[in-house]
Amino acid sequence: MPLTVKPRRSRNIRIILTVICGLLPILLGLAILHMQAQRALQQSSRQTAAEALKQFELMLDSTAAAARELLPLSGRRCSEVQLALREQVTRRPFVRSTNLVWDNNLYCSSLFGDYREAVNPGDYAGGQLWLMNGNPVTPDTALLVYRLSEGRLGALTTLDGYHLSNMLRLIGRETLLALRVGDHWLSADGKVHAGEPPHLPVAPTRLTSQRYRFVVESGYPTGETWRYMADEYPPLFSLLVFFGAIASALGHFLQKRASSPSVEMQRALEAGEFIPYFQPVIHGASKSWAGAEVLMRWNHPKEGLVRPDLFIPFAEHSGLIVPMTRSLMQQTAALLAPLSASFTQPFHIGINITASHCHDLALVADCREFLDAFKPGSVSLVLELTERELIEPTQVTRQLFEQLHGLGVMIAIDDFGTGHSSLGYLRQFNVDFLKIDQSFVAMIGIDTLSGHLLDSIIELAAKLDLRTVAEGVETTGQSDYLTAHGVNFLQGYLFARPMPALEFMNALAAIK
Ligand code: C2E
Ligand code: CA
Ligand code: CA
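Note that the coordinates shown come from a computational prediction; the quantities given were computed from them, not determined experimentally.

Caption draft 1: A look at the overall build of the protein. A count of helical and extended segments in the protein gives 15 helices and 21 strands. Radius of gyration (C-alpha) of the protein: 51 Å, far over the 24 Å computed for a compact globule of 512 residues. Taking all 512 residues of the protein together, the buried fraction comes to 46%. Long-range contacts, defined here as pairs at least 24 residues apart, represent 64% of the contacts in the protein between residues at least 6 apart. Summing over all exposed atoms, the protein offers an accessible surface of approximately 26,000 Å²; the carbon and sulfur share of this is 57%. The positive charge centre, built from 44 side chains, and the negative charge centre, built from 49, are 10 Å apart in the protein.

Caption draft 2: Focus on the site of ligand 1. Every one of the 21 residues lining ligand 1 counts as a neighbour, but Gln279, Arg297, Gln438, Glu474 and Tyr493 are closest to it. In this structure, asparagine 352 approaches ligand 1 through a side-chain N or O atom, which is 3.1 Å from an oxygen atom. Interatomic distance of 2.5 Å between a side-chain N/O atom of glutamate 474 and a nitrogen atom of ligand 1. The fraction of the free accessible surface of ligand 1 (790 Å²) that becomes covered by protein chains is 83%. By residue number, the principal contributor to the shell around ligand 1 is strand β13 (residues 289-300), which donates four residues. Tallied by class, the residues present in the shell around ligand 1 amount to nine nonpolar, six polar and six charged.

Caption draft 3: Local environment of unusual backbone geometry. Unusually for a residue other than glycine, aspartate 415 sits at a positive phi of about 55°. With respect to the helices, strands and loops of the structure, aspartate 415 is situated in strand β17 (residues 410-416). A positive phi angle is found at asparagine 430, which is not glycine, with a value near 55°. Given a relative accessible area of 47%, asparagine 430 falls into the partly exposed group.

Caption draft 4: A look at the coordination of the calcium ion (ligand 3). Around the calcium ion (ligand 3), the protein contributes the donor atoms Asp414 (OD), Asp415 (OD), Glu471 (OE) and Glu471 (OE), at 2.0 to 2.8 Å from the metal centre. Counting the intervening residues between successive donors of the calcium ion (ligand 3) yields the motif D-D-x55-E. The metal-metal distance between the calcium ion (ligand 3) and the calcium ion (ligand 2) is 4.4 Å, with aspartate 414 serving as a donor to both. With aspartate 415 in strand β17 and glutamate 471 in the loop between β19 (467-470) and α14 (476-484), this residue pair connects regions lying 56 residues apart in the sequence. In this structure, aspartate 415 and glutamate 471 share a single accessibility class: buried.

Caption draft 5: Examining the pairing of strand β4 (residues 129-134) more closely. Here five bridges tie β4 to strand β5 (residues 139-150), and the two strands are oriented antiparallel to one another. Residue pairing for β5: methionine 132 is matched across the bridge by leucine 143. Hairpin geometry of β4 and β5 is characterised by an intervening segment of four residues between the two adjacent antiparallel strands.

Rules behind the numbers
- Residues numbered from 1 in each chain as written.
- Chains lettered and ligands numbered in written order.
- Predicted model: local features only at pLDDT ≥ 70, side-chain atom pairs only at ≥ 80, totals over all residues.
- Heavy atoms only, no water.
- Helix = DSSP H or I, 4+ residues; strand = E, 2+ residues; numbered from the N terminus.
- Rg over C-alpha atoms; globule rule 2.2 N^0.38 Å.
- Buried < 20%, exposed > 50% of the residue type's maximum accessible area, 1.4 Å probe, protein only.
- Contact = heavy atoms within 4.5 Å.
- Areas by Shrake-Rupley, 256 points an atom, 1.4 Å probe, with all protein chains shown as cover.
- Lys, Arg positive; Asp, Glu negative; His and termini not counted.
- Charge placed at Lys NZ, Arg CZ, Asp CG, Glu CD.
- Near = heavy atom within 4 Å.
- Polar contact = N/O pair within 3.5 Å; in protein donor to acceptor, adjacent residues only side chain to side chain.
- Nonpolar A, V, L, I, M, F, W, Y, C, P; charged D, E, K, R; others polar.
- Donors = N, O, S within 2.8 Å, 3.2 Å for Na, K, Ca; no water.
- Pairing = 2+ DSSP bridges.

Following this line, the structure appears as structure tokens:
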């Protein structure tokens with residue numbers, strides 16, 4: 001059944017698609033937030049490194065200025081210049097000690113006065129800066145030595161590593177920062193390490209000073225991007241979950257809609273899958289073919305031929321029954337109109353209509369188009385409206401039935417006896433035919449009460465001058481009874497079952 005039972009597999013696929021719909025905006029949003037977090041960290045890492053570089057340059061400016069001022073004193077006796085050396089230490093911020101060098105030999109120090117120590121320019125990055133892990137005065141305390149030399153003259157000024165590591169700590173509170181001089185580097189804990197600083201996987205930045213021989217490196221450890229996102233974006237996460245829920249609900253709704261009966265039937269209508277079957281209608285007296293009732297079948301590509309009671313209710317509910325009936329009438333006209341010249345008397349063609357057809361006057365145009373396809377007077381079009389869903393008499397319905405009668409179209413009350421139509425009702429709509437429901441026919445000779453009911457229906461029809469069709473005639477007993485009681489037309493398996501167009505046309509050609 002194409003409209004009721006859905007295969008299990010497609011249900012699972014629908015669930016998977018719904019989940020994907022929900023996850024897609026969440027994953028996409030996370031990817032965008034991840035990129036955004038990386039950019040923010042990159043920017044912060046750059047800013048931190050730039051700030052540290054600026055501060056270190058300012059500190060070194062002070063040490064370099066002290067060295068510049070002392071350089072001309074190089075070569076003079078230590079006792080003469082020692083005061084000048086101490087004055088620089090006192091006056092200049094960050095300067096821890098000052099020293100004079102002659103011919104690469106340190107000979108005078110602000111701390112010790114006369115002193116002897118060889119200076120190896122190779123220890124200094126670019127001959128200028130040396131990052132030491134302490135000296136004999138303060139072992140294990142980082143020290144940055146600035147060297148200035150001109151010919152045999154030389155001055156060394158030192159910067160306490162405490163200021164440097166303090167700066168690394170203060171500026172790089174969120175970042176990992178390192179000061180690199182030559183093949184040594186200083187970490188924020190004040191330790192000097194040999195070799196390369198460890199690689200920082202997130203937002204690694206390296207800034208080289210243009211004025212002094214040092215480099216600042218900054219970055220973040222693994223997982224920092226997710227940590228940053230968790231700290232900064234919780235409201236956006238909630239928003240993503242919200243969008244995810246909306247997207248999955250939308251996905252679910254669209255899938256449901258796409259697999260809904262009306263969408264499936266709309267597709268089938270466009271694909272021409274609703275086709276007419278024909279069941280002959282027989283003259284009660286002569287038993288010759290008087291015409292046929294057109295019965296709809298759904299030629300479903302997967303399910304095969306589908307019975308009308310499985311899809312007509314959906315078609316009525318969605319209003320698609322109107323275009324479906326139109327298509328059925330057009331197909332019937334195209335099939336039978338070429339034969340209409342050979343019809344010796346008006347060929348009875350029964351078309352089933354529903355209450356949805358009675359909401360406007362569109363049916364009039366459909367019937368006119370149908371009749372125009374045939375030789376005038378060669379067919380008698382009978383619209384069958386089931387008694388089970390009787391329509392309300394309104395201005396529109398009265399107009400509709402009047403105009404239909406004007407075209408020569410006849411109205412039959414289908415399944416008569418199963419509903420509650422009153423005499424007034426039958427008169428109001430100017431009904432032409434009563435189609436006696438199969439349940440009464442089936443009871444002929446079996447149930448006396450049903451027999452009485454059948455007789456009174458036939459009598460009523462005769463009194464109102466309505467013609468009768470008996471449906472569901474399956475036995476000769478039934479057929480004989482109905483004929484004997486003056487029923488005009490018979491229809492049922494006894495004569496023929498509903499058949500496809502080609503079979504019906506062949507049978508029709510054979511009896512002509
Ligand atoms: P219905 O209009 O009362 O049509 C008669 C039904 O009785 C048909 O079933 C027909 O095949 C079946 N029938 C005919 N002779 C016998 C018989 O001797 N014994 C038995 N047991 N059944 C017999 P079908 O074709 O399955 O149609 C069922 C119903 O679907 C129709 O009942 C009608 O209400 C609806 N239908 C069919 N085609 C259309 C259509 O084009 N439009 C609308 N609105 N409804 C349709
Ligand atoms: Ca019918
Ligand atoms: Ca019927």
